[in-house]
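Read off the chains here:
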There are 2 protein chains.
Amino acid sequence: MEITAYVLNKAMEAKEGARAIARASSEQKNAALIKMAEVINKNAEQLQKENKKDLTAAKKKGLTKAMIDRLTLTAERIEEMSQGLIDIAHLPDPVGEVTRMWQRPNGMTIGKMRVPLGVIGIIYESRPNVTADATALCLKAGNAVILRGGSEAIHSNKAIVKILRGVAKKQGIHEGVITFLENTDRKAVMEMLKLEGVIDVVIPRGGEGLIRAVTENSRIPVLKHYKGVCHVFVDRDADLKMAEEICFNAKVQRPGTCNAMETMLVDEKAAKKFLPAITKRLKRAKVNIKGCARTKKIVPSVSEAKADDYHNEYVDLILNVKVVRDIDAAMDHIAEYSSAHTETIVTEDYGKAMRFLREVDSSSVFVNLSTRFSDGFQFGLGAEMGISTDKIHARGPMGLEELTCTKFIGLGNGQIRS
Amino acid sequence: MEITAYVLNKAMEAKEGARAIARASSEQKNAALIKMAEVINKNAEQLQKENKKDLTAAKKKGLTKAMIDRLTLTAERIEEMSQGLIDIAHLPDPVGEVTRMWQRPNGMTIGKMRVPLGVIGIIYESRPNVTADATALCLKAGNAVILRGGSEAIHSNKAIVKILRGVAKKQGIHEGVITFLENTDRKAVMEMLKLEGVIDVVIPRGGEGLIRAVTENSRIPVLKHYKGVCHVFVDRDADLKMAEEICFNAKVQRPGTCNAMETMLVDEKAAKKFLPAITKRLKRAKVNIKGCARTKKIVPSVSEAKADDYHNEYVDLILNVKVVRDIDAAMDHIAEYSSAHTETIVTEDYGKAMRFLREVDSSSVFVNLSTRFSDGFQFGLGAEMGISTDKIHARGPMGLEELTCTKFIGLGNGQIRS
């Protein structure tokens, strides 16, 4: 009961904040963001001191090196976090934008105007910079945010939130706009997910287990992606040198991310020429390659891919390689195994590029680009609130625009219906 | 178990249909719609014969006159249904539209492309024309539809679906695009609502009870509105003659609709002049007026409004009237009592018109227009799949655009991340 009341109170504070921030001017929001950036920089040492507490606890708990790395606030990362707020301040304000207007035969003008979503709940794991990024995106788009970070980052998150709320208060922004759940019990999340009508949307970020638990228990709409099983298809008409660079980059540049390539599909007409060079280079980079039977014929040293492997998100230096008959077979494979995150075709053929763009049903579809570009910063959205592989509301990286909706507006001079 | 398998089979057929129709050309879809319109007209007599069966059963069951009216397929309504298909064929195809493209510093081009949602389930009550409208909108937007009409319209719906599927087959369109649940058991709906991952979105249309049951039981995203408690605010700077026409139209022209006015808010500075004339006219039209204390002072003959009345969707010739201090008090009242459907301000003051448009958080917000214009046809969307008062994905009447999502596309020439 206590936790129910705690979460409800927090959410109601956010709801009040949402109504206030929806009406704030761009100037007021931008001034607050720039001030927040300044105060974060000024308090870098204090933030690192609080972060140390989390790092000590993490080491005690025996978290992996990768997790500890994600958790660490270096001076450089604090500077980046601060710069991120400034970048978002400089983006155009989506709220109030009229995306389209048209005249009707009776003289009235109908249009669509961007409006904030309201209260956005974000549930995330170890990276404390998400606290600042998510707050800035939500605030700029006229929303209140309820932040529910992981227990491993609790001291860092509290310190960041204290700064953000302190600045908000001084700048005349309702503090409920930045609402933080200090209770890191899983129960607090479950209570959040019941608050339909108070919280407007929930965005879970983290492991597949967390995301499934949120989706299954939420009465509030959820925007999410479960995983990223991304494909690159090397067409027979590809520039093979370009294909090699793209595939190598998509797998090796940062294999631990959701937009890294997990399966490389190679047109049978390109396989003999392409596979020996790329596999050699990947192996030198310590990539464990699992190939189909036809791949093994060309490069006998690769290990064997099982059918189930094609479903895997390795998030590691492991890669499936499959030789396919043509673009249709490649798209069939993608339709069956993709997680709808990001797929790339490498080709110089115009018709196949256009078909792939149009027919592949993933949230980001590329021609001649590394899958690693599927990211809000890379797309120029300023930052991202997460990535959606859903089809409702948002598909792909979510920036400011995806944190709004459009309402209809009508301008008349006395029209009535007959 | 049998019903589970029945619904799953139907949904899987729709899913196959969805994959096929997503790739169909505009020409192919339009040709099918125009042929469907033709065959519906040709079979008008047969449709009326089947409709008679429903009408006979309805009379036996003792359905209300209004319900029987909604159920009736007159020759004129069949002609309208047919014309609706032609109108939708003539609308631009949303699928494949690139809504925006921009360049990134590294030379790649990023854009957003409209894509179909997939499989759309629609759960509706007595009006058989929805069967044709919903099919046409879904098909044109590249989606498959699962139709679940009410038991009272079963013969009419089956006859319409038979025509639509027959034409689809002849025109080379996968029949799964038009999937109809003949089982009118409530259990069939419950089975539908479990099919997350097969059905992409569910749209319930009908009474509040049906919609709440669907929302509470669905694991699939739901787009809906519970009810329409629409307001007109007559500002002190209104053209009072215009205000009278708008208020009269909004209440009386068709009181049984969700976009009819339920509460009229009148600025205290306009009340003395405005109220006597409008109430006289409304009373002549047999409107039962419930007024606040200040309204009663000006027009003593009205009955008294209780606080709870302001929550009511009367869908009848009943109206709440409240005198408010100013635009702020009006917007506060709307924020508290509105169902976020449609609100209008009547004013000649530019600043207040702009404030109302921007600050009122409803799905349709008008200046100097009757609330009755809040409708897909009236907006020029061709038809509507329903109205959403949600903030996720769609807000307001849902036309073709709202039956799509956008994915990101990227065009490069070998860019990789460094």
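First, a word on what this report is: a plain description of the structure on this page.

Cut-offs used in this document
Residues numbered from 1 in each chain as written. Chains lettered and ligands numbered in written order. Predicted model: local features only at pLDDT ≥ 70, side-chain atom pairs only at ≥ 80, totals over all residues. Helix = DSSP H or I, 4+ residues; strand = E, 2+ residues; numbered from the N terminus. Rg over C-alpha atoms; globule rule 2.2 N^0.38 Å. Buried ≥ 20, exposed ≤ 12 C-beta atoms within 10 Å, placed from the backbone. Contact = placed C-beta atoms within 7 Å. Axes fitted to C-alpha atoms, helices over the stretch in contact; angles between N-to-C directions. Parallel < 35°, antiparallel > 145°, perpendicular 65-115°, else oblique. Left-handed = near helix turned anticlockwise from the far one by under 90°. Least-squares fit on C-alpha atoms with pLDDT ≥ 70 in both. Pairing = 2+ DSSP bridges. Nonpolar A, V, L, I, M, F, W, Y, C, P; charged D, E, K, R; others polar. Expected span 1.5 Å × (residues − 1). Core = buried A, V, L, I, M, F, W, Y, C linked by C-beta atoms within 7 Å. Right-handed = clockwise from strand over helix to strand, strands pointing away. Arc of directions from axis to C-beta.

1. Overview of the overall build of chain A
The number of helices and strands found in chain A is 15 helices and 16 strands. In summary, chain A has a C-alpha radius of gyration of 24 Å against a globular reference of 22 Å for 418 residues, a match within 12%. With respect to the principal axes defined by its C-alpha atoms, chain A has extents near 70 × 65 × 40 Å. By the burial criterion, 54% of the 418 residues in chain A qualify as buried. Taking all contacts inside chain A whose residues are at least 6 apart in sequence as the whole, residues at least 24 apart take part in 72%.

2. A closer look at the packing of helix 10 (residues 240-252) of chain B against helix 11 (residues 268-284) of chain B
Residue and element names in this part refer to chain B. With their axes 10 Å apart at the nearest point, helix 10 and helix 11 run at an angle of 40 degrees to one another. If you check the angle between helix 10 and helix 11, you find them oblique. The two elements helix 10 and helix 11 meet at a crossing, and its hand is right-handed. Each of Leu240, Ala243, Glu244, Cys247, Phe248 and Lys251 in helix 10 lies in contact with helix 11, whose residues at this interface are Ala270, Lys273, Phe274, Ala277, Ile278, Arg281 and Leu282.

3. Examining the relation of the copies chain B and chain A
Rotating chain B by 180 degrees about the axis while translating it 0.0 Å along that axis superimposes it on chain A, leaving an RMSD of 0.0 Å. Both copies of the chain, as the preceding transformation shows, are related through a two-fold rotation axis. For chain B, the residue whose C-alpha comes nearest the rotation axis is histidine 393 of chain B, separated from it by 1.8 Å. The overlap is high: 100% of the interface residues of chain B also sit at the interface in chain A, so the same surface is used on both sides.

4. Things to note about the sheet that holds strand 5 (residues 178-180) of chain B
Residue and element names in this part refer to chain B. Strand order in this open sheet of 4 strands is 5-4-3-6, and the pairing throughout is parallel. Edge strands, defined here as strands with exactly one partner in the open sheet, are strand 5 and strand 6 (201-204). Adjacent strand axes in the sheet meet at a mean angle of 20 degrees when their direction is disregarded. Direction of pairing for strand 3 (residues 119-123) relative to strand 6: parallel, over a ladder of 4 bridges. Each bridged residue has a counterpart across the sheet, and for glycine 121 the counterpart in strand 6 is valine 202. Sheet strands touched by helix 1 (residues 2-22): strand 3, strand 4 (144-148) and strand 5. Its angle to strand 4, the strand with the most contacts, is close to 150 degrees.

5. Some words on the sheet that holds strand 4 (residues 144-148) of chain A
Residue and element names in this part refer to chain A. Taken together, 4 strands build an open sheet; the order of strands is 5-4-3-6 and the sheet is parallel. If you trace the sheet from one side to the other, it starts and ends with strand 5 (178-180) and strand 6 (201-204), each paired once. This sheet shows a mean twist of 20 degrees between the axes of neighbouring strands, independent of strand direction. In the sheet, strand 4 pairs with strand 5 via 3 bridges, with the strands oriented parallel. When the sheet's bridge partners are listed, isoleucine 146 is paired in strand 5 with threonine 179. Each of strand 3 (119-123), strand 4 and strand 5 touches helix 6 (residues 129-140); the most contacted strand, strand 4, lies at about 165 degrees to it.

6. A closer look at the interface of chain B and chain A
Interface size, as often reported, equals the accessible area lost upon joining of the parts. On the side of chain A, 52 residues touch chain B, which itself brings 52 residues to the contact. Per-class residue counts for the side of chain B that touches chain A are 22 nonpolar, 18 polar and 12 charged. Pairing of strand 13 (residues 364-369) of chain A with strand 16 (residues 404-415) of chain B, which is carried by 5 bridges, proceeds in the parallel orientation. Counterpart to valine 367 of chain A in the pairing with strand 16 of chain B is leucine 411 of chain B.

7. So, helix 6 of chain A
The periodicity of an α-helix, 3.6 residues per turn, causes residues three or four places apart in sequence to face the same way. All names here are of chain A. Along its 12 residues, helix 6 runs 17 Å from first to last C-alpha, staying within 8% of the 16 Å computed at 1.5 Å per residue. The element helix 6 is extensively covered by neighbouring structure, given that 11 of its 12 residues are classed as buried. Taken together, the buried positions of helix 6 are occupied by Val130, Thr131, Ala132, Asp133, Ala134, Thr135, Ala136, Leu137, Cys138, Leu139 and Lys140. A positive backbone phi angle near 80 degrees is found at glycine 142, which sits one or two residues after helix 6.

8. Here's the deal with unusual backbone geometry
All names here are of chain B. Its identity is not glycine, yet lysine 286 carries a phi of approximately 70 degrees, on the positive side. Inspection of the secondary structure assignment puts lysine 286 in the loop between helix 11 and strand 9 (288-291). Of note, histidine 393 is a non-glycine position whose phi angle comes to about 75 degrees, a positive value. With respect to the element layout, histidine 393 can be found in the loop between strand 14 (387-388) and strand 15 (396-397). Residue histidine 393 is classed as buried on the basis of its 21 C-beta neighbours within 10 Å.

9. Overview of the nonpolar core
Core analysis: the largest hydrophobic core is formed by 251 residues, its most contacted members being Leu137, Val234 and Val266 of chain A together with Leu137, Val234 and Val266 of chain B. Discounting residues that sit within four places of it in the chain, valine 266 of chain B has contacts with Val234, Ala271, Phe274, Leu275, Val321, Val323 and Val324 of chain B.

10. Structural notes on the pairing of strand 12 (residues 342-346) of chain B
For a regular strand, side chains alternate in direction, first toward one face of the sheet and then toward the other. All names here are of chain B. The buried fraction of strand 12 amounts to 5 of the 5 residues, a majority that puts the element mostly inside the structure. Side chains Thr342, Thr344 and Val346 of strand 12 all project onto a buried face; the interleaved residues Glu343 and Ile345 project onto the opposite face, where all are buried too. Sheet topology places strand 7 (residues 230-234) next to strand 12; 4 bridges connect them, and they run parallel. In the strand pairing of strand 12, valine 234 is matched with valine 346. The pairing of strand 12 with strand 13 (residues 364-369) spans 4 bridges and is classified as parallel. Along strand 13, the bridge assignment pairs threonine 342 with serine 364. Taken together, strand 12, helix 14 (residues 350-359) and strand 13 form a β-α-β motif whose crossover is right-handed.

11. What to know about the environment of histidine 333 of chain A
All names here are of chain A. Along the polypeptide, histidine 333 turns up in helix 13 (residues 327-337). Its 17 C-beta neighbours within 10 Å are what place histidine 333 among the partly exposed residues. Residues histidine 333 and glutamate 45 lie 288 residues apart in sequence; the distance between their C-alpha atoms is 51 Å. In this view, histidine 333 contacts Leu265, Lys322 and Val324; residues no more than four positions away in its chain are not counted.

12. Here we look at the environment of glutamine 103 of chain A
Its place among the elements puts glutamine 103 of chain A in strand 1 (residues 98-103). Taking the C-alpha atoms as reference points, glutamine 103 of chain A and glycine 410 of chain A, separated by 307 residues in sequence, lie 9.8 Å from one another.

13. A look at helix 5 (residues 75-90) of chain B
Residues and elements named next belong to chain B. Compared with an ideal rise of 1.5 Å per residue, which puts 16 residues at 22 Å, helix 5 spans 23 Å between its outermost C-alpha atoms and is within 8% of the ideal. Those residues of helix 5 not exposed but buried are Ile78, Met81, Ser82, Gly84, Leu85, Ile88 and Ala89. Projection of helix 5 onto a plane perpendicular to its axis shows the buried side chains occupying an angular sector of 145 degrees, all on one side. More than 90 degrees from the buried face of helix 5, the exposed residues found are Ala75, Glu76 and His90. Packing partners of the buried residues in helix 5 comprise helix 2 (26-42), helix 3 (44-61) and helix 6 (129-140).

14. Considering the packing of helix 6 of chain B against helix 7 (residues 154-170) of chain B
Residue and element names in this part refer to chain B. Packing of helix 6 against helix 7 brings their axes to within 9 Å, and their N-to-C directions diverge by 30 degrees. Between helix 6 and helix 7, the interaxial angle falls into the category roughly parallel. Relative to helix 7, the crossing made by helix 6 is right-handed. Counting all contacts with helix 6, which are made through Thr131, Ala132 and Thr135, the residues of helix 7 involved are Asn157, Ile160, Val161 and Leu164. Broken down by class, the residue content of the contact of helix 6 with helix 7 amounts to 4 nonpolar, 3 polar and no charged.

Interpretation note: all reported values are geometric properties and have no functional meaning in isolation.
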